[in-house]
Each structure stands twice: as structure tokens, then as C-alpha cells.
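# Report on the structure
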Amino acid sequence: SRENFIHLCNPHLEKMKEDILYHFALGTGTHDFPALFGDVKFVCVGGSPSRMKAFIAYIAEELGLGSPGSDYPNICAGTDRYAMYKVGPVLSVSHGMGIPSISIMLHELIKLLYHAKCSNITIIRIGTSGGIGLEPGSVVITRQSVDATFKPQFEQVVLGKTVVRSTNLDEQLAQELMQCSKEINQFNTVIGNTMCTLDFYEGQGRLDGAICLYNEEEKLQYLKEAYDSGVRNIEMESSVFAAMCNLSGVKAAVVCVTLLNRLEGDQISSSHEVLVEYQQRPQKLVGYFIKKSLGKV
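Residues numbered from 1 in each chain as written. Predicted model: local features only at pLDDT ≥ 70, side-chain atom pairs only at ≥ 80, totals over all residues. Heavy atoms only, no water.

We apply this condition: UniProt positions are given in the numbering used here, feature names are shortened, and annotations may be inferred rather than shown by experiment.
The name given to the protein chain in an unreviewed UniProt entry is Uridine phosphorylase, and the organism recorded there is Trogon melanurus. The UniProt entry for the protein chain carries the following text under Function (unreviewed entry): "Catalyzes the reversible phosphorylytic cleavage of uridine to uracil and ribose-1-phosphate which can then be utilized as carbon and energy sources or in the rescue of pyrimidine bases for nucleotide synthesis. Shows broad substrate specificity and can also accept deoxyuridine and other analogous compounds." One UniProt comment on the protein chain, placed under Sequence similarities (unreviewed entry), says "Belongs to the PNP/UDP phosphorylase family."

The following block contains the structure:
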């Protein structure tokens, strides 16, 4: 198959003698990127460092690449901004919470993959979300990321001007992931739109923040409008993730479990044990997809 390399939308990088990925504590002058990362084919990103470390241990066991109890060193140990782990062709990276945090991480991750001369990369965000009209524990594979007005776009101000970018995700990849969920048949999975907001409280219509100047009826009307537009879950990273992967020519998907049904409440009240099991569901689905892609199923 034809090799698809990372497309960098920045002509200035070619003129730089060295590229320092500051928030990863890595640089082209100090690290051999092709040797360290050249074999990467799958990149999984998620908010929490501990969750991404758990994922790399899980995928190592699934692929038969690690011994039980193995420790996986944090490649970005020189910084406390992000954590990065690798086993075989899989890279696992934390991105923090919200659009600004994942945006910074993605700029440096995309450059890392480019400098490493990686090809045919698939990037998948695995995470948690609030569901709309779904039972808690359901997994949503994102068709489109939409903003808080339900438009499939990401807006950013660049040099004082508003730039609007597409947030479509790879349709074939979404269908492949859906097929994988049917094959493992362990939890409810749907394909739907994901609303990406700038905030966890007011931006998502919660009634339990420090500030709330609307009532419950207005909140429910908004969430029902979101549902009617095709939205099935809400989180805070998918729009810029989709936009940046599109511009870089990278096949991408978002797979998030829902921790609650927002039509029934705002606070996450499930037990710790239940939430841990929910959070493992995207890992199981993506882990199975990677195994299947590598011919190990």
C-alpha cells in the first residue's frame, strides 16, 4: 500500500537547524527521532497520564510485547506537562484537559512523527465524556466534532483574524471501530456527533458550577436540541484534534465512554469501581482494533 507521510503545514520548519519540542523535553538535536519513533503506526492520546500509562501496559500484554508487571518509562520524564509511553508500534500520550492543552501537545506530536519519518499513522483519542440520551457506560465513536452551536467546525483566532477549520473525522476508520465493537460485543457502542466545549460547567449546560445564570428548563431544551442535531456526547478536546489531524493528513478517530446521561443529571455519581470499568472500555475497543490491524486477532 502507498505510504502516507505526515504533512506539515509550516514551511518555516525546514529552515530550522534544530527543533526543540519543549513540552515533551525532546529535540532533534538531542534525540534520534527515526530510531526512537520510526516504527510507530498507532498513536493513542488521552487526558490523564496515569490512564495512558495503564493503556500502554494493557496494549503491551494484548500484543504479547511485554512481560506481566513490566514498567514502561515515561519518554517525557524531563517535563511534567505531558507523559509519553511506547511499546512496539504503539505510542501512548497524555494531552491534559481542554482545547489549549491538547492543541499544544498535538503541535509537538505531529512534528515528532514528521521528524521520525513515520508513515500510515492512525491517531485515536480515547477518553471520557458526558452522554446525551445514552446509558452510562456507552461508548461513542465520533462522526463529526461540533461546536457548542452544533456546527462541525473549529474556530481559532490567528493574527487577529478568525480561522475556521473542518472537524470531520475518518468515516472508514469510524466504521472499522464500530465493527470491532460488534465483534467483542461487551458494551453498547454508537457512532454519533460529539460536542466539544470550552468549559466543563456553563459551556456544557451544567447547573452545579460556581456560576449558573439559566434554569433547568433552559438547560434541558439546549441538550435536547443537541441530541436532535445528532450529538450523543460532550467533551472538551475533539474539535481541535479533528482539525489538526485533517490538516496534517493523519487518519484519526475519537472514542469516548459516557460517564452519565446529561438528560438525567450533571454530577458523576457512579462508584470508583464502576468508573474504572467504564474508562477501560475505549481501551478495550481500541486495543482490539490495533490487534486486528496487526493481524493478531
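Having seen the model, we can carry on.
## Brief notes about unusual backbone geometry
Selection rule: A run of H or I in DSSP becomes a helix once it reaches four residues, and a run of E becomes a strand once it reaches two; helices and strands are each numbered from the N terminus. Only protein chains enter the area calculation, which uses a 1.4 Å probe; residues under 20% of their type maximum are buried, those over 50% are exposed, and those in between are partly exposed.
Even without being a glycine, Asn 120 presents a positive backbone phi close to 50°. As for its placement among the helices and strands, Asn 120 is situated in the loop between helix H3 (99-115) and strand S6 (122-131). Exposure remark for Asn 120: the relative accessible area of 29% places this residue in the partly exposed category. You will see that Asn 185, though not glycine, has its phi angle at about 50°, which is positive.

## Comments concerning the side chain of Lys 291
What counts, and what does not: Here, residues are in contact when the closest pair of their heavy atoms is within 4.5 Å.
Tracing the backbone shows Lys 291 in helix H7 (residues 272-293). Judged by relative accessible area, which is 17%, Lys 291 ranks as buried. Setting aside anything within four residues of it in sequence, one finds Lys 291 in contact with Glu 62, Leu 63, Lys 296 and Val 297.

## Some points on the UniProt feature "domain: Nucleoside phosphorylase" (unreviewed entry) in the protein chain
Per the UniProt record, "domain: Nucleoside phosphorylase" (unreviewed entry) is annotated on residues 41-290. The distance separating the terminal C-alpha atoms of residues 41-290 is 9 Å; by composition the span is 35% helix and 27% strand.

## A look at the packing of H3 against helix H6 (residues 238-247)
Here is the rule: A fitted line through C-alpha atoms represents every axis, and for helices the fit uses only the stretch in contact; the resulting angles, taken between N-to-C directions, go from 0 to 180 degrees. Should an angle lie under 35 degrees it is considered roughly parallel, over 145 roughly antiparallel, and from 65 to 115 roughly perpendicular; all remaining angles are considered oblique. The crossing is said to be left-handed when, going from far helix to near helix, the turn is anticlockwise and less than a right angle, and right-handed when the turn is clockwise. Under the convention adopted here, Pro, Cys and the residues Ala, Val, Leu, Ile, Met, Phe, Trp and Tyr are nonpolar, Asp, Glu, Lys and Arg are charged, and Gly plus all remaining residues are polar.
Remark: H3 packs on H6, axes separated minimally by 9 Å, with the N-to-C direction vectors making an angle of 25°. Viewed along their axes, H3 and H6 adopt a mutual orientation that is roughly parallel. Crossing of H3 over H6 shows right-handed handedness. Along the contact surface, H3 presents Ile 99, Ile 102, Ser 103, Leu 106, His 107 and Ile 110, while H6 presents Ser 239, Val 240, Phe 241 and Met 244. Tallied by class, the residues present in the contact of H3 with H6 amount to seven nonpolar, three polar and no charged.

## Observations concerning the packing of aromatic side chains
Within a pair of aromatic rings, the relevant descriptors are the distance that separates the centres and the angle that separates the planes. Stated precisely, the cut-off is as follows: The rule is short: rings of Phe, Tyr and Trp, with Trp giving its six-membered ring, pair when the centres are within 6.5 Å, and they are stacked under 30 degrees, edge-to-face over 60, tilted in between. When the NZ atom of lysine or the CZ atom of arginine is within 6 Å of a ring's centre and also within 35 degrees of its normal, the charge is said to sit over that ring.
In this structure the tally under the stated criterion is five aromatic pairs. Here the aromatic rings of Phe 33 and Phe 37 are separated by 6.0 Å at their centres, their planes lie at 70°, and the arrangement is edge-to-face. Of this pair, Phe 33 and Phe 37 both sit in helix H1 (residues 33-37), separated by four residues, roughly a single helical turn. Between the aromatic rings of Phe 42 and Phe 289, the centroid separation amounts to 6.2 Å while the plane-to-plane angle is 90°, which identifies the pairing as edge-to-face. In this pair, Phe 42 is assigned in strand S3 (residues 42-46) and Phe 289 in helix H7, connecting sequence segments 247 residues apart. Residues Phe 42 and Phe 289 agree in their burial class; the two are buried. The ring of Tyr 227 has Arg 232 sitting right over it, with the charged end atom 3.7 Å from the ring centre.

## Quick notes on the pattern of salt bridges
For the record, the criterion: One speaks of a salt bridge when a side-chain nitrogen belonging to Lys or Arg is within 4 Å of a carboxyl oxygen belonging to Asp or Glu.
Evaluation of the coordinates by the stated rule reveals ten salt bridges. A salt bridge links Asp 39 to Lys 86; its shortest N-O distance comes to 3.0 Å. Residue Asp 39 is found in the loop between H1 and S3, and its partner Lys 86 is found in strand S4 (residues 84-87); the two are separated by 47 residues along the sequence. Under the relative-accessibility criterion, Asp 39 is labelled partly exposed at 40%. Between Lys 53 and Asp 71 there is a salt bridge, with its nearest N and O atoms 3.1 Å apart.

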